[in-house]
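Report on the structure
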Amino acid sequence: MIESRGLRCAYPGSDPFSLPDVDVAQGGTLLLRGPSGSGKSTWLALAAGLLTPSAGEIVVAGQSVGALGGAARDAWRARHIGFLPQRLHLSEALTVADNLALAFYAAGLPVDQAALARTLDTLGLKELARRRPSQLSGGQAQRAALARAVLLRPKVILADEPTASLDDDTCANALALLRQTADTLEATLVMATHDARVCQALPHAQALVFEALSARSAA
Ligand code: ADP
Ligand code: MG
């Protein structure tokens, strides 16, 4: 379950803007649509507690994100949120397997090798575990980032433009994998996208259209 109400965001040096209210039931899929610059990534960052709103509240899986202070919020995110950023942030200094292990370190947990092996297997990464990120195709790198995001079995998966740089086949596979993974975990899935292929592939998903900021501030 995710609910946001009256959220406003103020980036340093620019005018604050408001974000639309969001409601998505536990286990549901929500697509955040709308033009570039309309606030989709900002909303995801607020939901993940990576940004703090200047007004409003967001409750994610029963937790009011704003009620958590810095370190508690980092720990909460690491344990409960599967965040798939637009730029994947895989470390080239580490193998695929060790990039996944980072999820345990971030959560302050010992590395569970069995869970790690299981996740690599489920996401078709077993043969790629010893590779570096630069030795992966775009679709494989994205699977590795998804594997890291879901390793701790989060109840919420947030994905930012997950198909933007993928060809049609890889796009279809990535979406199927995201939805399957969310189903297995009974997780809520929120995806920011301006990719028409995503809306076609998930015709039953709830969609929320973010209007351009200029249209919103004029209203
Ligand atoms: P979208 O994901 O829909 O493209 P964003 O959430 O990235 O939109 O951006 C919403 C607005 O916030 C835009 O006007 C953008 O320029 C601004 N913005 C985004 N990130 C930053 C930042 N780090 N600093 C200042 N302004 C930002
Ligand atoms: Mg964005």
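An account of the accompanying structure is given in this report. (Residues numbered from 1 in each chain as written. Chains lettered and ligands numbered in written order. Predicted model: local features only at pLDDT ≥ 70, side-chain atom pairs only at ≥ 80, totals over all residues. Heavy atoms only, no water.)

**A few points about the overall build of the chain**
Looking only at helices and strands, the chain features eight helices and ten strands. The C-alpha radius of gyration of the chain comes to 17 Å, within 12% of the 17 Å expected for a compact globule of 219 residues. Dimensions of the chain along its principal axes, counting C-alpha atoms only, are 55 × 40 × 35 Å. In the chain, which comprises 219 residues, the share counted as buried stands at 47%. Surface summary for the chain: the accessible area is close to 10500 Å², and the carbon and sulfur share equals 52%. Of the charged side chains in the chain, 20 are positive and 20 negative; the average position of the first set lies 4 Å away from that of the second. (Helix = DSSP H or I, 4+ residues; strand = E, 2+ residues; numbered from the N terminus. Rg over C-alpha atoms; globule rule 2.2 N^0.38 Å. Buried < 20%, exposed > 50% of the residue type's maximum accessible area, 1.4 Å probe, protein only. Areas by Shrake-Rupley, 256 points an atom, 1.4 Å probe, with all protein chains shown as cover. Lys, Arg positive; Asp, Glu negative; His and termini not counted. Charge placed at Lys NZ, Arg CZ, Asp CG, Glu CD.)

**A short note on the environment of Leu202**
Here Leu202 is to be found in the loop between α7 (196-201) and β10 (206-209). Judged by its relative accessible area of 13%, Leu202 falls in the buried class. For Leu202 and His80, which are 122 residues apart along the polypeptide, the C-alpha to C-alpha distance reads 24 Å. Excluding residues that lie within four positions of it along the chain, Leu202 makes contacts with Thr29, Leu31, Leu175, Arg179 and Met191. (Contact = heavy atoms within 4.5 Å.)

**Regarding the packing of helix α5 (residues 138-150) against helix α6 (residues 168-185)**
It is at 11 Å that the axes of α5 and α6 come closest, and there the two elements cross at 10 degrees. Considering their axes alone, α5 and α6 lie roughly parallel with respect to each other. Of the residues in α6, those in contact with Gly139, Gln142, Arg143, Leu146 and Val150 of α5 are Thr170, Ala174, Leu177, Leu178, Thr181 and Leu185. When the residues that make up the contact of α5 with α6 are grouped by side-chain class, the tally is six nonpolar, four polar and one charged. (Axes fitted to C-alpha atoms, helices over the stretch in contact; angles between N-to-C directions. Parallel < 35°, antiparallel > 145°, perpendicular 65-115°, else oblique. Nonpolar A, V, L, I, M, F, W, Y, C, P; charged D, E, K, R; others polar.)

**Describing the sheet that holds strand β8 (residues 156-160)**
Backbone-to-backbone hydrogen bonds pair the strands of a sheet. The strands run either parallel or antiparallel. Taken in spatial order, the five strands of this open sheet run β7-β8-β9-β4-β10, and their pairing is parallel. In this open sheet, the two strands that pair with only one neighbour each are β7 (81-84) and β10. Strand-to-strand twist in this sheet, taken as the mean axis angle between neighbours without regard to direction, amounts to 15 degrees. For strand β4 (residues 29-33) and strand β9 (residues 188-192), the ladder comprises four bridges, and the chain directions are parallel. The residue bridging Leu32 from the neighbouring strand is Ala192, located in β9. Against the sheet, helix α1 (residues 40-47) touches β4, β7, β8 and β9, its axis set at about 150 degrees to β8. (Pairing = 2+ DSSP bridges.)

**Observations concerning the side chain of Asp160**
Of note, Asp160 is situated in strand β8. Although Asp160 lies buried, it forms no salt bridge, and the closest oppositely charged side chain, Lys40, sits 6.9 Å away as judged by the N-O distance. A distance of 2.7 Å separates the side chain of Asp160 from the side chain of Ser41, its partner in a polar contact. Setting aside residues no more than four positions away along its own chain, Asp160 makes contact with Ser41, Leu44, Leu84, Pro85, Gln86 and Ala192. (Salt bridge = Lys/Arg side-chain N within 4 Å of Asp/Glu carboxyl O. Polar contact = N/O pair within 3.5 Å; in protein donor to acceptor, adjacent residues only side chain to side chain.)

**Some remarks on the nonpolar core**
Judged by nonpolar contacts, the single largest core of 44 residues is most densely connected at Leu120, Ile157 and Met191. For this core, the secondary-structure elements that each account for two or more residues are α3 (96-106), α4 (113-122), α5, β8, α6 and β9. Counting 25 residues, the second-largest nonpolar core is a separate cluster that includes Phe17, Ala48, Ile81 and Val156. (Core = buried A, V, L, I, M, F, W, Y, C linked by side-chain atoms within 4.5 Å.)

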